[in-house]
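Structure at a glance
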Amino acid sequence: MTTNGFDINDLKRRMDGAKDSLKHELGGLRTGRAAISMVEPVQVEAYGSHMPLNQVATVSVPEPRLLSVQVWDKSMVKAVETAIVNSNLGLNPATEGQVIRLRIPELNEERRKELVKVAHKYAEAAKVAVRHVRRDGLDIVKKLEKDRQMSEDDQERASGEIQKVTDAAIADIDKLLATKEKEILTV
């Protein structure tokens with residue numbers, strides 16, 4: 001719905017951005033299962049600059065609790081190994097030639113609870129971002145109504161639509177959080 005400079009699809013797109021950001025953050029939380037996203041933050045000192053791990057090696061998941069890092073350049077193996085150790089992911093590399101194996105340790109109950117708290121923090125930040133988008137949208141329609149570019153009825157309708165979109169985004173965030181919480185607690 002586009003009315004006099006107000007576009008509900010723009011608000012939806014911005015709210016989707018907050019949800020996508022949450023998905024990415026939750027993907028980086030270690031649940032005891034191997035996931036390629038776990039090593040995304042690793043930066044390797046390579047060829048005189050810092051590069052993401054995926055630009056110097058292929059990362060795969062051969063088993064549920066094992067990551068395999070196939071380094072392309074034999075001279076980079078030590079640098080990749082050092083970058084993994086220094087990344088504070090709690091992973092101990094086992095190197096065999098150009099392949100580095102990363103066994104994912106079991107999570108204890110205390111660590112699981114910490115991860116759930118972190119997931120809740122990420123979800124709350126996403127909800128705050130969605131609420132900011134809602135506030136921006138409501139401010140726009142109020143200003144349009146005040147400037148007589150939108151009728152009071154249209155302003156009420158648009159405000160209701162903004163609230164519906166917001167409620168849907170918050171519900172999606174809650175679903176993402178519940179799924180991740182279940183994954184963390186039942187590995």
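In the nomenclature of an unreviewed UniProt entry, the chain is known as Ribosome-recycling factor of Afipia felis. According to the UniProt record, the Subcellular location (unreviewed entry) comment for the chain reads "Cytoplasm". Looking at the chain in UniProt, the text filed under Sequence similarities (unreviewed entry) is "Belongs to the RRF family."

**Regarding the pattern of salt bridges**
Taken as a whole and judged by the stated rule, the model has 16 salt bridges. With its nearest N and O atoms 3.6 Å apart, the salt bridge here joins Glu-81 to Lys-78. Of this pair, Glu-81 and Lys-78 both sit in helix H2 (residues 77–86), three residues apart, which is roughly one turn of that helix. Asp-147 serves as the salt-bridge partner of Lys-143, at 2.7 Å between the closest nitrogen and oxygen.

**What about the pairing of strand E4 (residues 49–52)?**
Two elements, strand E3 (residues 43–46) and E4, share four bridges in a ladder whose sense is antiparallel. The residue bridging Glu-45 from the neighbouring strand is His-50, located in E4. Counted between consecutive antiparallel strands, the loop separating E3 from E4 contains two residues, among which Tyr-47 sits at a positive phi close to 50°.

**Thoughts on the nonpolar core**
Judged by nonpolar contacts, the single largest core of 27 residues is most densely connected at Phe-6 and Val-130. Every element with two or more residues in this core is listed here: helix H1 (8–27), helix H3 (109–146) and helix H4 (152–185). When residues of this core are assigned to their parent elements, the largest contribution, nine residues, is made by H3. In this structure, Ala-34, Val-39, Leu-53 and Val-77 belong to the second largest nonpolar core, which totals 23 residues.

**Description of the environment of Ala-57**
For Ala-57, the position within the fold is in strand E5 (residues 57–63). Owing to a relative accessible area of 2%, Ala-57 belongs among the buried residues under this scheme. As a C-alpha pair, Ala-57 and Gln-70 span 13 residues in sequence and 5.3 Å in three-dimensional space. Contact partners of Ala-57, with chain neighbours within four places excluded, come to Val-69, Gln-70, Val-71 and Trp-72.

Conventions used here
- Residues numbered from 1 in each chain as written.
- Predicted model: local features only at pLDDT ≥ 70, side-chain atom pairs only at ≥ 80, totals over all residues.
- Heavy atoms only, no water.
- UniProt positions renumbered as here; feature names shortened; annotations may be inferred.
- Salt bridge = Lys/Arg side-chain N within 4 Å of Asp/Glu carboxyl O.
- Helix = DSSP H or I, 4+ residues; strand = E, 2+ residues; numbered from the N terminus.
- Pairing = 2+ DSSP bridges.
- Core = buried A, V, L, I, M, F, W, Y, C linked by side-chain atoms within 4.5 Å.
- Buried < 20%, exposed > 50% of the residue type's maximum accessible area, 1.4 Å probe, protein only.
- Contact = heavy atoms within 4.5 Å.

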